[in-house]
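# Examining the three-dimensional arrangement
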Amino acid sequence: MVQRTPQRTWRVNPLFGMLAASNCSPCALTGHLAPLRPESLMLSRSLKEQGLGLVCTPATIYCESCYSPSVHSIPFPFTELNRSLAPNDRRHGPSGYSEYSSYKPWLRDEYDFRCVYCLAREAWDLNATSAASGFGVDHMRSQHDAPDEVTNYDNLCYCCNECNRQKGAKSLPERLIKEPLATHLRFNEDGSVEALTKEGAWLRDCVFLAHPEAVQRRQLILDLRSAAMADLAAGHDSPKARMFQYPSELENLATRNPPKNSRMAGLEDSAWARRERGELSRFF
Ligand SMILES: [Zn+2]
């Protein structure tokens, strides 16, 4: 049984053992709360027997997602996107902006706030002046090779400024666009990277994924992940853990109102919408 940080007020409603809506301590979600701790149930029974309907106690409440044992298992952060970069794998479909930079908020969400090439995350950019300042929009087929696709959302992806600079004006091999990147590259638990195809080798070399400093950065991230998991297992939330979470500030893309949107259903699949519904995982 994992020890929880005893730091939260909560409510007992007239239904025995049920907690009324409040905020989950780790993720601050409202609602979808479950009194899963046996000691919480015992405490609420005791308080109800004393006629107390609203109490403050030194107990912590958790949404079902955060309470899950997986809270102490942060996924391997260099798992490649299983999706391809192809249009038929996109969740969003805005169009009509005159500047390709206008698509950046959509691409952030599309690619989970990380670089599609090196998988670095916004949260790992310690020099960032804002959440996305170290990231930009890249043209998979370059502006030179595909001038008609300069402002076509389906030709854009999200990447860190360093990968963007290294890739420069080159176009991606078509297989890298149409097939899942995991088909072409694999990142290992020791921080190394393997090319599985010649296109994977092209990308590895294009953005210097196998450079010793890049490998060292991944090893550092993996060390931080281990330390974050140890903190969580000890009941301490920590800044390290936030490096493996979604941004605390998420944007409701529905308020952007692009000239057109061919994939309206994607709005419900955005990180903001999933967090609103209590469906966004804590770590990714
Ligand atoms: Zn990158």
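Quick look at the structure, then. (Residues numbered from 1 in each chain as written. Predicted model: local features only at pLDDT ≥ 70, side-chain atom pairs only at ≥ 80, totals over all residues. Heavy atoms only, no water.)

## Focus on the overall build of the chain
As a reminder of what qualifies: The helix and strand labels rest on DSSP assignments: H or I over at least four residues marks a helix, E over at least two residues marks a strand, and numbering proceeds from the N terminus. Contacts are assigned to residue pairs with any non-hydrogen atoms lying within 4.5 Å of each other. To measure how exposed things are, a 1.4 Å probe is used in the Shrake-Rupley method; for residues, cover is taken only from the protein chains shown.
Along its length, the chain carries 9 helices and 6 strands. Of the contacts formed within the chain by residues at least 6 apart in sequence, a portion of 69% connects residues at least 24 apart. Here the chain has roughly 14,300 Å² of accessible surface; of this, 52% comes from carbon and sulfur atoms.

## Some points on the coordination of the zinc ion
We count it as follows: With water excluded from the atoms, a metal site may look incomplete; its donors are any N, O or S atoms within 2.8 Å, or within 3.2 Å for Na, K and Ca. Here the metal geometry follows the donor angles, with tetrahedral for four donors whose angles all fall between 85 and 135 degrees, square planar for four and octahedral for six when opposite donors are more than 155 degrees apart and every other angle is between 65 and 115, and irregular for all the rest. Burial classes: relative accessible area under 20% of the type maximum marks a residue as buried, over 50% as exposed, and values in between as partly exposed (1.4 Å probe, protein chains only).
At the metal site, the zinc ion is ligated by Cys115 (SG), Cys118 (SG), Cys160 (SG) and Cys163 (SG), and these contacts range over 2.2 to 2.4 Å. Coordination at the zinc ion comes from 4 donor atoms whose angles at the metal span 101 to 117 degrees, giving a geometry best classed as tetrahedral. Written as a sequence motif, the donor arrangement for the zinc ion is C-x2-C-x41-C-x2-C. With Cys115 in the loop between helix H3 (104-110) and strand S2 (135-139) and Cys163 in helix H4 (residues 161-167), the pair connects residues that are 48 residues apart, well separated along the chain. Considered together, Cys115 and Cys163 belong to a single accessibility category, that of buried residues.

## Side note on the nonpolar core
Inclusion rule: Nonpolar cores are built from buried Ala, Val, Leu, Ile, Met, Phe, Trp, Tyr and Cys residues. Side-chain atoms within 4.5 Å join them into one set.
Ranked by internal contacts, the top residues of the largest apolar core, which has 49 residues, are Phe78, Leu107, Tyr111, Cys115, Tyr117, Leu172 and Phe244. Among the elements of the structure, H3, S2, strand S3 (156-160), helix H5 (174-178), strand S4 (185-187), helix H6 (198-206) and helix H7 (212-233) are those that each provide at least two residues to this core. For this core, the element with the most residues is S3, which contributes 5 residues. In this structure, Tyr111 is in contact with Leu81, Arg83, Leu85, Arg90, Val116, Leu156, Cys157 and Tyr158, ignoring residues within four places of it in sequence. Counting residues in each nonpolar core, the second largest holds 6 residues, with Phe113, Leu250, Ala271 and Phe284 among its members.

## Notes on unusual backbone geometry
The backbone phi angle of Asp112 is positive, close to 55 degrees, even though this residue is not glycine. Checked against the element boundaries, Asp112 lands in the loop between H3 and S2. Looking at Asp112, the relative accessible area reads 11%, which means it is buried.

## Some points on the side chain of Glu122
Relative to the elements of secondary structure, Glu122 occurs in the loop between H3 and S2. You can call Glu122 buried: its relative accessible area is 6%. Discounting residues that sit within four places of it in the chain, Glu122 has contacts with Arg108, Phe113, Ala131, Ala132, Phe135, Tyr158 and Pro247.

## Considering the pattern of salt bridges
Pairing of side chains with opposite charge becomes possible as their charged atoms draw close. What counts here: Salt bridge, as applied in this entry: a Lys or Arg side-chain nitrogen positioned within 4 Å of an Asp or Glu carboxyl oxygen.
According to the stated counting rule, one finds 21 salt bridges in the structure shown. The salt bridge partner of Arg175 is Glu179, with a shortest N-O separation of 3.0 Å. Linking Arg277 and Glu268 is a salt bridge whose minimum nitrogen-to-oxygen distance equals 3.2 Å. Where salt bridges share partners, they join Arg91, Asp109, Asp269 and Arg274 into one cluster.

## Regarding the side chain of Arg90
Here is the rule: In this count, Lys and Arg are taken as positive residues and Asp and Glu as negative ones, while His and the chain termini are left out. Polar contacts, as used here, are pairs of N or O atoms within 3.5 Å; protein pairs need one atom able to donate a hydrogen and one able to accept it. Residues neighboring in sequence count only if both atoms are side-chain atoms.
Along the chain, the position of Arg90 falls in the loop between helix H2 (64-67) and strand S1 (94-95). Buried and unpaired, Arg90 has no salt bridge, with Asp154 as the nearest side chain of opposite charge at 4.4 Å. Among the polar contacts made by the side chain of Arg90, one reaches the main-chain carbonyl oxygen of Leu85 at a distance of 3.3 Å. Among the polar contacts listed, one links the side chain of Arg90 to the backbone oxygen of Leu156, at a separation of 2.6 Å. In this structure, Arg90 is in contact with Arg83, Leu85, Leu107, Glu110, Tyr111, Met140, Tyr153, Asp154, Leu156 and Arg263, ignoring residues within four places of it in sequence.

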